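Next come the chains, spelled out residue by residue.
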Amino acid sequence: MVGQGIQTLLTGQNTDINNPVYQIYDYIGSNVFPNVLPQNYKTPAIVYTITDIEPTNIKQYRSIAKTIDLELDIIDDKFSIVSQLTTLVIDYLHRYNNYYNSYTGGSSVGAGIPASASFGAHSMPDTQYIQYVGGLQIVALDFVNSVEEYDEVLELYRNTLSFKLTYIEDVT
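Asker: How should I be thinking about the nonpolar core in this particular structure?
Answerer: Leu 72, Val 89 and Leu 93 are the most contacted members of the largest nonpolar core, which has 31 residues in total. Listing elements by their share of this core, those giving two or more residues are α1 (2-11), α2 (20-28), β2 (45-55), β3 (65-76), α3 (79-93), β5 (136-151) and β6 (156-168). If one sorts the elements of this core by residue count, α3 sits on top with eight residues.

Asker: Looking at this structure, I do not really get the packing of α1 against α2. What am I missing?
Answerer: The axes of two packed helices give the description: the angle between them and the distance between them. Packing of α1 against α2 brings their axes to within 7 Å, and their N-to-C directions diverge by 95°. Classified by the angle between their axes, α1 and α2 sit roughly perpendicular to one another. Taking contact as the criterion, the partners of Leu 9, Leu 10 and Thr 11 in α1 are, on α2, Val 21, Ile 24, Tyr 25 and Ile 28. Considering only residue class, the contact of α1 with α2 consists of six nonpolar, one polar and no charged.

Asker: I would appreciate a short explanation of the side chain of Asn 31 in the present structure.
Answerer: Secondary-structure assignment places Asn 31 in the loop between α2 and β1 (32-34). Under the relative-accessibility criterion, Asn 31 is labelled buried at 14%. Within the structure, Asn 31 has its side chain in polar contact with the backbone oxygen of Lys 42 (distance 3.1 Å). The residues contacting Asn 31, other than those within four sequence positions of it, are Tyr 41, Lys 42, Pro 44, Ala 45 and Ile 46.

Asker: Before we go on, may I ask you to explain the confidence of the model for the protein in this structure?
Answerer: Taken over all residues, the pLDDT of the protein has a mean of 76, while the share at 70 or more is 68%. Scored below 50 in pLDDT, residues 99-128 makes 63 contacts in the model with residues more than four places away or belonging to other chains.

Asker: Would you explain the pairing of β2 in this entry?
Answerer: The side chains of a regular strand alternate, residue by residue, between the two faces of the sheet. Where β1 meets β2, three bridges bridge the pair, whose relative direction is parallel. Residue pairing across strands places Phe 33 opposite Val 47, the latter belonging to β2. Across 10 bridges, β2 lies against β3 in antiparallel orientation. By the bridge assignment, Thr 49 is partnered in β3 with Glu 71.

Asker: I'm lost on the packing of α2 against α3 in this one. Help?
Answerer: At their nearest, the axes of α2 and α3 sit 10 Å apart, and the two run at 150° to each other. Taken together, the axis directions place α2 and α3 in an arrangement best described as roughly antiparallel. Crossing of α2 against α3: the hand is left-handed. Across the interface between the two elements, Pro 20, Val 21, Gln 23, Ile 24, Tyr 27 and Ile 28 of α2 pack against Ile 81, Gln 84, Leu 85, Leu 88, Val 89 and Tyr 92 of α3. Each residue belonging to the contact of α2 with α3 can be placed in one class, and the counts come to 10 nonpolar, two polar and no charged.

Asker: What exactly am I supposed to notice about the environment of Pro 55 here?
Answerer: Within the secondary structure layout, Pro 55 lies in strand β2. Considered as a pair, Pro 55 and Ile 168 are 113 residues apart in the sequence and their alpha carbons are 9.9 Å apart.

Asker: What is the right way to read the pattern of salt bridges from this model?
Answerer: Where charged atoms of side chains with opposite charge meet at close range, the side chains can pair. What the rule picks out here adds up to three salt bridges. Its salt-bridge partner being Glu 149, residue Arg 158 comes within 3.8 Å of it at the nearest N-O pair. The exposure class assigned to Arg 158 is partly exposed, which follows from its relative accessible area of 23%. Put simply, Asp 73, Glu 149 and Arg 158 are held in one network by salt bridges that share partners.

Definitions and limits used
Residues numbered from 1 in each chain as written. Predicted model: local features only at pLDDT ≥ 70, side-chain atom pairs only at ≥ 80, totals over all residues. Heavy atoms only, no water. Core = buried A, V, L, I, M, F, W, Y, C linked by side-chain atoms within 4.5 Å. Buried < 20%, exposed > 50% of the residue type's maximum accessible area, 1.4 Å probe, protein only. Helix = DSSP H or I, 4+ residues; strand = E, 2+ residues; numbered from the N terminus. Axes fitted to C-alpha atoms, helices over the stretch in contact; angles between N-to-C directions. Parallel < 35°, antiparallel > 145°, perpendicular 65-115°, else oblique. Contact = heavy atoms within 4.5 Å. Nonpolar A, V, L, I, M, F, W, Y, C, P; charged D, E, K, R; others polar. Polar contact = N/O pair within 3.5 Å; in protein donor to acceptor, adjacent residues only side chain to side chain. pLDDT = per-residue confidence, 0-100. Pairing = 2+ DSSP bridges. Left-handed = near helix turned anticlockwise from the far one by under 90°. Salt bridge = Lys/Arg side-chain N within 4 Å of Asp/Glu carboxyl O.

Here is the structure:
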């Protein structure tokens, strides 16, 4: 479920040019992969890795929230594309505000799910500070750091962005 939420964050609503996801999707398309970049895929691409998971401790009950360390590797053969995507992803995800993924009664918000009578203009409603994205309830999403490198063997530039993501596991 976390992977689906991450993919929706990065490529969700890609038809509304006012949505920041549109610019990211314009570069990468649907090239978002878990853990490794598959062979023979075109770049640019984003590879996500979950490196640590920390549950919220509550006596005798299941954890209501989990905090994960999330790494996003932005990969391309051009440094300028990697830099541009890095800026777009950090600006969009740091202190994530789910305006475009929550229905608040307006007609320009939503996660890209087609309009329907049961879900309002686009998708699931927000519940104040908890944001629903691809079935994931995001409580907090914060940028931590960035590491740039160049792979001489593959001739690819890579920028690894680290984030802390706190989410609630809920079947709804």
